[in-house]
Amino acid sequence: MSEANESKTASSASGLSALTAFAGLKPKGACWYCNQPVDNVRRFCSKDCADDYRTEEESFSTRPV
Ligand SMILES: [Zn+2]
């Protein structure tokens, strides 16, 4: 399940920060992106939601270092 993450290491710096933000998410019984109910161990209802969420996180957390 972590293959998607590791295959997207093109942009190393932003990819790392996004991964960190991603890892900080706790399963809450609903999709973090669309709030659709999911299993308690899941954070997103689908890979699309995970991708979209991470894309937003990346643009959201873009700040000059
Ligand atoms: Zn979703």
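Not measured: the values here are computed from a predicted model.

Novice: Please clarify how unusual backbone geometry should be interpreted in this entry.
Specialist: For residues that are not glycine, phi is negative in most cases, and the peptide bond is trans in most cases. For asparagine 35, which is not glycine, the phi torsion reads 65 degrees and is therefore positive. For asparagine 35, the location among the structural elements is in the loop between α2 (12–23) and α3 (47–60). Owing to 11 C-beta atoms within 10 Å, asparagine 35 belongs among the exposed residues under this scheme.

Novice: Could you clarify how one ought to interpret the environment of cysteine 49 in this entry?
Specialist: Along the chain, the position of cysteine 49 falls in helix α3. Residue cysteine 49 is classed as partly exposed on the basis of its 18 C-beta neighbours within 10 Å. Linking cysteine 49 and tryptophan 32, residues 17 residues apart in sequence, is a C-alpha distance of 8.0 Å.

Novice: Mind showing me how you'd approach the confidence of the model for the chain here?
Specialist: Regions with low pLDDT should not have their predicted coordinates read in detail. Mean pLDDT for the chain: 77, with 60% of residues reaching 70 or above. Within the chain, α3 carries the highest mean pLDDT (90), whereas helix α1 (residues 3–6) carries the lowest (53).

Definitions and limits used
Residues numbered from 1 in each chain as written. Predicted model: local features only at pLDDT ≥ 70, side-chain atom pairs only at ≥ 80, totals over all residues. Helix = DSSP H or I, 4+ residues; strand = E, 2+ residues; numbered from the N terminus. Buried ≥ 20, exposed ≤ 12 C-beta atoms within 10 Å, placed from the backbone. pLDDT = per-residue confidence, 0-100.

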